[in-house]
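Spelled out, the chains give:
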Amino acid sequence: MNRSACLIFNPVAGQGNPELELEMIRSLLEPEIDLDIYLTSAEVDADQLAQAAVKRGVEAIIACGGDGTLSAAASAIIGTGIPFGIIARGTANAFAAALRIPNTIDAACMTIVQGETRYVDAAYCNGKPMVLLAGIGFEAETVEMADREAKKRLGMMAYILAGVQQLGNLQSFQVEIETEDKIIKTKASAITVANAAPPSSVLAQGPAGIIYDDGLLDLTIVAPNSKAGAIAATIHLLQTASMSSAVERDDIGYLRANQFKIKAEPPQKVVLDGEMIGKTPIEVYCVPAGLKVFVPFDQALSPTEKLEGLPNLTVETKQL
Ligand SMILES: Nc1ncnc2c1ncn2[C@@H]1O[C@H](COP(=O)(O)OP(=O)(O)OP(=O)(O)O)[C@@H](O)[C@H]1O
């Protein structure tokens, strides 16, 4: 008997041809999986469709669209244990990159067909589900500037251009960050709280690698004191992200915790998984192992040790 799944498809996401893309997905998945297909509309979003699918007791949910669609669908699935398939067709595709899921339609479909799953953490920010990150300040201003029309025309460049434009009027603010055991007060231009983040989310890259299944959130504080400092800090974050090392600049800080309460003065705009949600204050907490996601076969089990290649290696199994 075939497996079954609810497929939630956003027909306006990305820059491709939605009819052809849906046809391709059906031809790749339907030999193995019976699909119940629902299209999002301006009125009915992916979270409503996913909530209804959860109520119907579906075997799996597959979401196909940009980051907005993927996070909206994921939000209804957190804590349900229903396996979640991701087919990214957006501009930034941060969701797939952060969870290391292929971002081409055929490889994403193969991942779902293979059927390997892995638990990853999720989070809630001001009561709203979060899979990737909450950005305060600079990032939120940049996302707001890159509107759908600009993204259609320019793709990823829309975000980069908005970021460059935004550097010109870099604002800093007072911030208070509270964890279970600390209250930190400082000045900043950007605060990012990440559950999972792709390397392209530069402002999240303070720590040496963001771990998305450790039950903790990673917070990065970027506090440059000039436009030149902001550029230098960004370049440093790009370098450390590509080498998976932690930052070493006085104007960048980071910490890990299970939850954060953040206040800013003046209040700052907040972007949550790519969508504007209003202004600070925010409260974010992690939901360990909140999502069960289809992942490529080689990631289903993360290796707990690596010994091969060590010089003169011998490994002896002890008799217990
Ligand atoms: N049929 C539709 N017509 C108009 N808007 C829609 C429709 N379906 C979904 N939407 C809207 O699309 C938005 C989500 O878009 P999504 O993020 O998936 O794609 P994108 O903007 O192309 O990608 P990215 O976020 O990577 O730039 C939501 O705001 C949702 O309300």
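Structure shown above.
To keep things clear, this report deals only with the structure shown in the data block. (Residues numbered from 1 in each chain as written. Predicted model: local features only at pLDDT ≥ 70, side-chain atom pairs only at ≥ 80, totals over all residues. Heavy atoms only, no water.)

### Some remarks on the overall build of the protein
Here is step 1 of the chain: Looking only at helices and strands, one finds nine helices and 16 strands in the protein.
Here is step 2 of the chain: Looking at the protein as a whole, 48% of its 320 residues are labelled buried.
Here is step 3 of the chain: Taking the intrachain contacts of the protein between residues at least 6 apart in sequence as the baseline, contacts between residues at least 24 apart amount to 71%.
Here is step 4 of the chain: Accessible surface for the protein amounts to roughly 15,700 Å². Of this, 53% is attributable to carbon and sulfur atoms. (Helix = DSSP H or I, 4+ residues; strand = E, 2+ residues; numbered from the N terminus. Buried < 20%, exposed > 50% of the residue type's maximum accessible area, 1.4 Å probe, protein only. Contact = heavy atoms within 4.5 Å. Areas by Shrake-Rupley, 256 points an atom, 1.4 Å probe, with all protein chains shown as cover.)

### A closer look at the packing of helix 2 (residues 46–56) against helix 3 (residues 67–77)
Here is step 1 of the chain: Helix 3 packs onto helix 2 with a crossing angle of 30 degrees between their chain directions and a minimal axis gap of 7 Å. One way to sum up the angle between helix 2 and helix 3 is to call them roughly parallel. As helix 2 runs across helix 3, the sense of the crossing is right-handed. Contacts between helix 2 and helix 3 involve Ala46, Asp47, Ala50, Gln51 and Val54 from the first element and Thr69, Ala72, Ala73, Ser75 and Ala76 from the second.
Here is step 2 of the chain: Considering only residue class, the contact of helix 2 with helix 3 consists of six nonpolar, three polar and one charged. (Axes fitted to C-alpha atoms, helices over the stretch in contact; angles between N-to-C directions. Parallel < 35°, antiparallel > 145°, perpendicular 65-115°, else oblique. Left-handed = near helix turned anticlockwise from the far one by under 90°. Nonpolar A, V, L, I, M, F, W, Y, C, P; charged D, E, K, R; others polar.)

### Structural notes on the packing of aromatic side chains
Here is step 1 of the chain: For the coordinates displayed, the defined rule picks out two aromatic pairs.
Here is step 2 of the chain: Measuring from ring centre to ring centre gives 6.4 Å for Phe84 and Phe95, while their planes differ by 85 degrees; the resulting arrangement is edge-to-face. Remark: Phe95 occurs in helix 4 (residues 94–98) and Phe84 occurs in strand 4 (residues 84–88); sequence separation between them is 11 residues. Both residues of the pair, Phe84 and Phe95, belong to the buried class. (Phe/Tyr/Trp six-rings, centres within 6.5 Å; stacked < 30°, edge-to-face > 60°.)

### Here's the deal with the side chain of Thr111
Here is step 1 of the chain: Looking at the element boundaries, Thr111 is found in helix 5 (residues 105–114).
Here is step 2 of the chain: One polar contact links the side chain of Thr111 to the main-chain carbonyl oxygen of Ala107, over a distance of 2.9 Å.
Here is step 3 of the chain: Those residues in contact with Thr111, other than ones at most four positions away along the chain, are Pro102, Glu116, Phe294, Val295 and Pro296. (Polar contact = N/O pair within 3.5 Å; in protein donor to acceptor, adjacent residues only side chain to side chain.)

### A few points about the site of the ligand
Here is step 1 of the chain: With respect to spatial proximity, 20 residues lie near the ligand, and among them Thr40, Gly66, Gly68, Thr69 and Thr91 are the closest.
Here is step 2 of the chain: Between Thr91 and the ligand, the recorded distance is 2.8 Å, taken from a backbone N or O atom to an oxygen atom.
Here is step 3 of the chain: Relative to its unbound accessible area of 650 Å², the ligand is 80% covered by the protein chains.
Here is step 4 of the chain: Listing elements by their share of the shell around the ligand, those giving two or more residues are helix 3 and helix 7 (148–154). (Near = heavy atom within 4 Å.)

### Thoughts on helix 3
Here is step 1 of the chain: In terms of burial, helix 3 is a largely internal element, 10 of the 11 residues being buried.
Here is step 2 of the chain: Listed in full, the buried residues belonging to helix 3 are Asp67, Thr69, Leu70, Ser71, Ala72, Ala73, Ala74, Ser75, Ala76 and Ile77.
Here is step 3 of the chain: The elements touched by buried residues of helix 3 are helix 2, strand 3 (61–65), strand 4, helix 4, strand 6 (128–130) and strand 16 (282–294).

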